[in-house]
Amino acid sequence: TVYNAFHLFGFFSLFNGDALKSVDIIKGGFPARYGGRLSSVIEMNMKDGNQQKFSGEAGIGLLSSRATIEGPIKKDKASFIVSGRRTYADALIRPFLPAGQDGGYYFYDLNAKANVEINKKNRLYASGYFGRDRFFLSDRSTSDVFRLGVDWGNATGTLRWNHMINNRLFSNTSVIFTDYNFKNYLSFNFGNQNFSLVYSSGIRDVSLKQDFDFRPDDKHSIRAGAMITHHTFTPSAVAFIDDFSNTDTTNAERTTAFENAIYIEDDYRVNSRLNIMPGIRITHFTPRGGQYLNLEPRFSMNYRLNADMSIKASYALMNQYIHLLSNTGAGLPTDLWVPATKNLAPQRSQQVAAGWAYDIPKTKLSLTVES
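Computed from a prediction, not measured in an experiment: that's the story for all the values here. (Residues numbered from 1 in each chain as written. Predicted model: local features only at pLDDT ≥ 70, side-chain atom pairs only at ≥ 80, totals over all residues. Heavy atoms only, no water.)

## Some thoughts on a nonpolar patch on the surface
Side chains of V116, I118, L124, L159, W161, V175, L208, I228 and F258 sit close together on the surface and give an oily, nonpolar patch of about 750 Å² of accessible area. Secondary-structure elements contributing two or more residues to the nonpolar patch are β8 (101-119) and β10 (145-164). A residue is classified by how much of its surface remains accessible, and L159, at 48% relative accessible area, is partly exposed. (Patch = residues over 30% accessible without salt bridge, like charges linked within 9 Å, V, L, I, M, F, W, Y side chains within 5 Å. Areas by Shrake-Rupley, 256 points an atom, 1.4 Å probe, with all protein chains shown as cover. Salt bridge = Lys/Arg side-chain N within 4 Å of Asp/Glu carboxyl O. Helix = DSSP H or I, 4+ residues; strand = E, 2+ residues; numbered from the N terminus. Buried < 20%, exposed > 50% of the residue type's maximum accessible area, 1.4 Å probe, protein only.)

And the structure:
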């Protein structure tokens with residue numbers, strides 16, 4: 001999970017297209033394997049890396065540059081890919097700043113993935129994303145020093161074990177880490193006197209996830225699994241130092257919660273025209289001093305009218321146990337993530353969708369009309 005998916009206040013995506021293998025967007029009819037949110041799902045899968053030879057690409061732009069390298073760790077057995085970007089607006093404006101002053105804005109991100117085939121039935125994957133935005137300004141032109149800045153960033157890591165139990169049953173076991181934090185700061189140094197104010201917030205998740213994929217015959221594709229996530233929320237942490245009033249305080253608000261879920265779904269091909277996907281998800285959330293247990297039924301169907309045209313319909317009930325508090329006037333990523341509590345219930349939605357889809361012949365285009 002990535003909690004803030006933008007660079008440069010929303011002008012740049014957080015995700016580097018050079019590192020991505022596929023992007024799937026689900027607007028409605030959410031399968032039971034997805035939960036914890038009310039709106040759409042964007043699932044991105046990274047490239048695995050070239051197992052045969054080393055290759056790379058790079059690009060230089062007016063605002064940012066990028067580079068990607070991939071290749072085998074052991075031919076036909078293990079591979080890696082590393083892809084990174086960085087802007088350099090800060091370096092471009094530095095020569096035009098007065099002496100003693102420094103400032104600017106930049107962001108960087110780094111995607112990395114490695115995989116190894118242990119044997120024909122077992123494979124390990126390790127992947128991570130690291131990115132940060134930073135705006136800063138400092139003035140050392142006099143004996144007094146002034147600094148201010150804003151920075152925010154994401155760090156994620158996943159270790160996944162893929163195991164083929166038999167020809168029809170597959171298992172994926174994942175350990176997942178997510179950390180998002182935001183900080184702004186202001187400081188003055190007047191001789192031996194210091195004034196400093198730092199405000200920060202963030203959320204950190206550690207998850208254990210187990211998924212099974214079972215294909216008993218050509219008509220059924222059954223998925224089932226469970227997930228447990230430990231959330232640590234820091235909606236507010238303030239550090240204040242003021243030598244003028246002999247004040248030195250640090251106040252941090254932290255709270256934790258467990259979010260658990262189990263699910264099962266079946267992609268069932270009834271006949272050559274009709275596909276249905278029934279599913280159920282059970283979610284459990286334990287904030288401080290309370291708990292929530294919810295049943296989330298899911299159902300979707302697709303009926304093919306002919307080779308190019310189909311109609312579809314779906315129903316989904318979902319719960320979101322994390323509230324996003326937004327400050328629309330700041331123009332900065334000052335959004336706070338806070339958990340549902342015993343007094344503040346989770347958000348809940350029921351979505352019914354129906355639509356028509358047309359695959360335009362001899363093209364890679366499709367047209368959908370949905371409500």
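## Looking at the packing of aromatic side chains
By the definition in use, this model includes nine aromatic pairs. A ring pair is formed by Y3 and W337, whose centres lie 5.1 Å apart and whose planes are at 70°; its orientation type is edge-to-face. With Y3 in the segment before β1 (6-7) and W337 in strand β19 (residues 336-339), this residue pair connects regions lying 334 residues apart in the sequence. The buried category is assigned to W337, whose relative accessible area is 13%. Measuring from centroid to centroid gives 5.1 Å for F146 and F188, while their planes differ by 40°, and the two rings are tilted. Here F188 lies in strand β11 (residues 169-190) and F146 lies in strand β10, a separation of 42 residues in the sequence. Under the relative-accessibility criterion, F146 is labelled partly exposed at 22%. By the ring-pair criterion, three or more aromatic residues cluster together here, those being F146, F188, F190, F195 and F240. Residue placement shows R134 over the ring face of F136; its charged tip is 4.5 Å from the ring centre. (Phe/Tyr/Trp six-rings, centres within 6.5 Å; stacked < 30°, edge-to-face > 60°. Lys NZ or Arg CZ within 6 Å of the ring centre and 35° of its normal.)

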